[in-house]
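Below are the chains, spelled out letter by letter.
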Amino acid sequence: MGTVVEASNKGANGSIPQKNPTVVFVLGGPGSGKGTQCANIVQHFGYTHLSAGDLLRAEIKSGSENGTMIQNMIKEGKIVPSEVTIKLLQRAVEEDGNDKFLIDGFPRNEENRAAFENVTGIEPAFVLFFDCPEEEMERRLLSRNQGREDDNIETIRKRFRVFLESSLPVINYYDAKAKVCKIDAARPVEEVFETVKAIFAPKNAKAD
Ligand SMILES: Nc1ncnc2c1ncn2[C@@H]1O[C@H](COP(=O)(O)OP(=O)(O)OP(=O)(O)O)[C@@H](O)[C@H]1O
Ligand SMILES: O=c1ccn([C@@H]2O[C@H](COP(=O)(O)O)[C@@H](O)[C@H]2O)c(=O)[nH]1
Ligand SMILES: [Mg+2]
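Since we're looking at a predicted model, the values are computed, not measured. (Residues numbered from 1 in each chain as written. Chains lettered and ligands numbered in written order. Predicted model: local features only at pLDDT ≥ 70, side-chain atom pairs only at ≥ 80, totals over all residues.)

A. Broad picture of the confidence of the model for the protein. On average, residues of the protein score 91 in pLDDT, and 89% of them reach the 70 mark or higher. Low confidence marks residues 1-18, where pLDDT is under 50. Its contacts with residues over four positions away, or in another chain, come to 38 contacts. (pLDDT = per-residue confidence, 0-100. Contact = placed C-beta atoms within 7 Å.)

B. Just the site of ligand 2, in detail. The immediate surroundings of ligand 2 are formed by 17 residues, with Ala52, Gly53, Val80, Gly105 and Phe106 found nearest. For the shell around ligand 2, the element with the most residues is helix 2 (residues 52-61), which contributes 3 residues. Split into classes, the residues belonging to the shell around ligand 2 amount to 8 nonpolar, 5 polar and 4 charged. (Near = placed C-beta within 6 Å. Helix = DSSP H or I, 4+ residues; strand = E, 2+ residues; numbered from the N terminus. Nonpolar A, V, L, I, M, F, W, Y, C, P; charged D, E, K, R; others polar.)

C. Representation of the UniProt feature "binding site: CMP" (unreviewed entry) in the protein in the model. Per the UniProt record, "binding site: CMP" (unreviewed entry) is annotated on Asn112. Relative to the elements of secondary structure, Asn112 occurs in helix 5 (residues 110-120). Using a count of 21 C-beta atoms within 10 Å as the deciding quantity, one classes Asn112 as buried. Setting aside chain neighbours within four positions, we find Asn112 in contact with Ser82, Thr85, Phe106 and Pro107. (UniProt positions renumbered as here; feature names shortened; annotations may be inferred. Buried ≥ 20, exposed ≤ 12 C-beta atoms within 10 Å, placed from the backbone.)

D. Here's a closer look at the site of ligand 1. Around ligand 1 sit 15 residues in total, of which Gly33, Lys34, Gly35, Thr36 and Arg140 are the nearest. At the level of elements, helix 1 (34-45) and helix 8 (189-207) are the ones that each hand at least two residues to the shell around ligand 1. If you tally residues by element for the shell around ligand 1, the top one is helix 1, at 3 residues.

E. Highlighting the UniProt feature "binding site: ATP" (unreviewed entry) in the protein. In the numbering used here, UniProt assigns the "binding site: ATP" (unreviewed entry) feature to Gly31, Ser32, Gly33, Lys34, Gly35, Thr36, Arg144 and Arg187. The exposure class assigned to Ser32 is buried, which follows from the 26 C-beta atoms found within 10 Å. If sequence neighbours within four positions are ignored, Ser32 has contacts with Phe130, Cys132, Met137 and Ala185. Locating Thr36 in the fold gives a position in helix 1.

This is the structure in structure tokens:
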């Protein structure tokens, strides 16, 4: 991994973002522990955590015109069109006063990745990849008990398939650019976070 690279601020659509944020993509299979580790990173390193899935779920609750479409996609484990998710992410970045963001669970496919880069002009500083076997992720999701409509065995299997077919290629894309920090996420939360800390501590020292 190289040093933290600040995002460029030219949007291909001509828009100029308010800031020049540092963005870290947090990727991994469903239930690999992305949200759990992001909460720890926020506490220790002062990032803002933006979960694309949480933004989409909030959009459903808000009564937005896209709500029913998003709800159906999530129930089926499918990927919501890029333009919808990117707008939500852009709005969240613009409304926040921070200059460094963890984007959790996005980009989920190659089209998401290319559209985000084109629209925002932002390249991630690096990518965290929480690597976890399916059996462990399945166990975690089935006992998460947060009332998520997609935490049932039928949808979980669909989500696993989408992750393998559509999301892993994104991780491979960034790996080819030496931007991926792969973490063994099958260990207990505290152990995983020790590894995460070792990744962020030197980068944060350079970025601050
Ligand atoms: N290292 C771990 N060991 C055991 N359980 C964990 C670990 N990390 C997270 N969990 C638990 O597993 C469940 C899924 O974790 P989390 O919500 O962080 O995953 P996620 O990657 O964000 O999932 P999703 O992609 O579905 O949003 C939660 O109940 C969480 O408490
Ligand atoms: O960029 C995204 C992020 C999420 N989705 C949809 O939401 C669910 C749940 O996402 P989590 O990251 O597990 O919270 C996911 O299965 C997709 O259906 C999306 O379409 N695009
Ligand atoms: Mg999550």
